[in-house]
Amino acid sequence: MFNQRIKIKEVLAMVPGQGEITVMGWVRTLRNNQFIALNDGSCNENLQIVLELGSFDESLLKKLTTGSSLRAVGRLEDSQGKGQRIELKARTVEILGGSDAEKFPLQPKKHSLEFLREIAHLRFRTNTFGSVFRVRHALSFAVHQFFHERGFVYLHTPIITASDAEGAGEMFKVTTLSFDQTPRNEGGEVNFKEDFFGRPTNLTVSGQLEGELAAMGFAEVYTFGPTFRAENSNTTRHLAEFWMIEPEVAFNDLEDNMNLAEDFIRYLISYVLEHNRTDLEFLDARLAEEEKQKPQAERSETGLLEKLESVAGQDFERISYTQAVEIILQSPAFKKKKFKYDLAWGMDLQSEHERWLVEKHFKKPVIVTDYPKEIKAFYMRQNPDGRTVAAMDILAPGIGEIVGGSQREERLDMLETRMREMHIPVEQMWWYLDTRRYGTVPHAGFGLGFERMVQFVTGMTNIRDVIPFPRTPKNAEF
Ligand code: 4AD
Ligand code: MG
């Protein structure tokens, strides 16, 4: 058995005086041909490995370059030096894989996030991405724990679908048809009968519709999977492939839905505050450093940990879309034309409006409800006023929209009429409408953009830095 290593995180919690131990990992630095800083990804802190001068071959020392991997066996000792409590006095060191110091792109110095994105295959070996992806892992785990504790059923919804759940037409096509000899009907249109599924298909934009089907049997379900949007948005908050968590609950109205979403977000934050303290402290310091580079006026007033603690500990603000528009239109910022985009009742809030509301006005997350029906999806429940729907968006400081959800239209006639108005293929979605035909109930759900949540928790400015291999327009490397 080769792998008898102890993880560095565990080693760093041990006391000297026991027998020999084995560690393995990647060399961050070698100092004075004597001190190796070794990292294995279990935490950002390195283990110092001490080589007794003269006891190791010159040829071995030459190979101990940044990026190389090794196995070391030895005893733990109290460290004589500053900067670490304990160190490993090596008896043997074995190189597992060398790394050409001239060519290895990750030098032991500060690299920009932009540069690290170009070497995303190596950025797991940096402290920033170590922390980000450990936190991302913890958040995924907490997602399942939250719903499991509440008796929800985890539903795996399909990746390939024949429907457009959001009705927004932002889909990636899935086909095995040839582009050179596309089979066509007499009229010249593509003959999808010859395609793999015998009909046009696409990558899912949301698992919601299937979630609704299952909620009509289990009452409480959630999905957590990849979703795909072919929207050409090159922003710090948009990905073409992102992960979404979508609970769907029978018998919930809009208020129940808001309560669930708020509990969920605060649970996730509390979970990482409790379990990932060291990584959050690192990210807090990193962000503070980044903020210092900005002009005074653009700096955020609160640190990362402070922000997370405050969000976990207080209620979100709840206002209607109509109130939100009023507040923005009355604001000095709007009157002084500080916003790039115009706003009037009926128009969608732009992210600058959303961020002003949460960051400048309320200074906490805000749930905006009851949007005009024209700017929301076909499945949202129509309010008695005839103009708005029972929608809710949660806006978070630094991010903007983090959750989108609604109470669903459970009344068959209302739903069908709305679908026809919005040119949704009613006949093709017979299965969706069946839920309204057979035992329909009030129900509601929402979608939390997982990467936006990871951004919020880690304080990373760009969404490309919270998913291992981002997919964005003109970029599918790795
Ligand atoms: O508001 P959206 O489009 O809502 C839905 O998809 C509903 N079916 C959800 C539901 O009710 N079950 O997306 C939900 C969330 C957004 O609030 C945002 O956080 C995230 O998904 N999101 C994106 N994240 C990254 N990149 C993109 N291109 C995103 N589009 C949406
Ligand atoms: Mg939305």
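Scroll up to find the structure this text is about.
Bear in mind the structure is a predicted one, so any value in this text is a computation, not a measurement.

Participant: How do you make sense of the nonpolar core when you look at a structure like this?
Facilitator: Considering soluble globular proteins, one finds that nonpolar side chains tend to be buried as a cluster. Counting 64 residues, the largest nonpolar core has Ile-269 and Val-457 as the members making the most contacts within it. It is helix H6 (residues 254-275) that contributes the most residues to this core, twelve residues altogether. In this structure Ile-269 touches Leu-308, Val-311, Ala-312, Met-453, Phe-456 and Val-457, once residues within four positions along its chain are discounted. Formed by 34 residues, the second largest nonpolar core is a distinct cluster that contains Trp-356, Leu-395, Ile-424 and Leu-433.

Participant: Any chance you could explain the site of ligand 1 here in plain terms?
Facilitator: Neighbouring ligand 1 are 24 residues; Glu-166, Gln-208, Arg-229, Glu-246 and Glu-401 lie closest to it. Taking Ser-206, its side chain carries an N or O atom lying 3.0 Å from a nitrogen atom of ligand 1. Contact distances for ligand 1 include 3.3 Å between an oxygen atom and a backbone N or O atom of Gly-449. In isolation ligand 1 has 630 Å² of accessible area, and contact with the protein removes 94% of it. Sorting the residues of the shell around ligand 1 by element identifies strand S11 (241-250), strand S15 (400-407) and strand S16 (443-449) as the ones contributing at least two each. Of the residues forming the shell around ligand 1, the biggest block, five residues, is contributed by S15. Of the residues contributing to the shell around ligand 1, the split by class is eight nonpolar, eight polar and eight charged.

Participant: When you look at the packing of aromatic side chains in this model, what are you seeing that I'm missing?
Facilitator: The geometry of an aromatic ring pair is captured by the separation of the ring centres together with the interplanar angle, meaning the angle of the planes. Applying the stated criterion across every chain, the model contains 23 aromatic pairs. Judged by centre distance (5.0 Å) and plane angle (65°), the rings of Phe-224 and Phe-450 are edge-to-face. You can see Phe-224 sitting in strand S10 (residues 220-228) and its partner Phe-450 sitting in helix H14 (residues 450-458), a full 226 residues away along the chain. Ring centres of Phe-378 and Tyr-379 lie 5.3 Å apart, and the angle between their planes is 75°; this geometry places the pair in the edge-to-face category. Per residue, the accessibility class of Phe-378 equals that of Tyr-379, and both read buried. An aromatic cluster is built from Phe-146, Phe-147, Phe-152, Tyr-154, Tyr-222, Phe-264, Tyr-267 and Phe-446, whose rings are joined through pairwise contacts. Positioned above the aromatic ring of Tyr-371, the side-chain terminus of Lys-376 is 4.2 Å from the ring centre. Note that Arg-387 overlies the ring of Trp-345, its terminal NZ or CZ placed 3.9 Å from the centroid.

Cut-offs and rules
Residues numbered from 1 in each chain as written. Chains lettered and ligands numbered in written order. Predicted model: local features only at pLDDT ≥ 70, side-chain atom pairs only at ≥ 80, totals over all residues. Heavy atoms only, no water. Core = buried A, V, L, I, M, F, W, Y, C linked by side-chain atoms within 4.5 Å. Buried < 20%, exposed > 50% of the residue type's maximum accessible area, 1.4 Å probe, protein only. Helix = DSSP H or I, 4+ residues; strand = E, 2+ residues; numbered from the N terminus. Contact = heavy atoms within 4.5 Å. Near = heavy atom within 4 Å. Polar contact = N/O pair within 3.5 Å; in protein donor to acceptor, adjacent residues only side chain to side chain. Areas by Shrake-Rupley, 256 points an atom, 1.4 Å probe, with all protein chains shown as cover. Nonpolar A, V, L, I, M, F, W, Y, C, P; charged D, E, K, R; others polar. Phe/Tyr/Trp six-rings, centres within 6.5 Å; stacked < 30°, edge-to-face > 60°. Lys NZ or Arg CZ within 6 Å of the ring centre and 35° of its normal.

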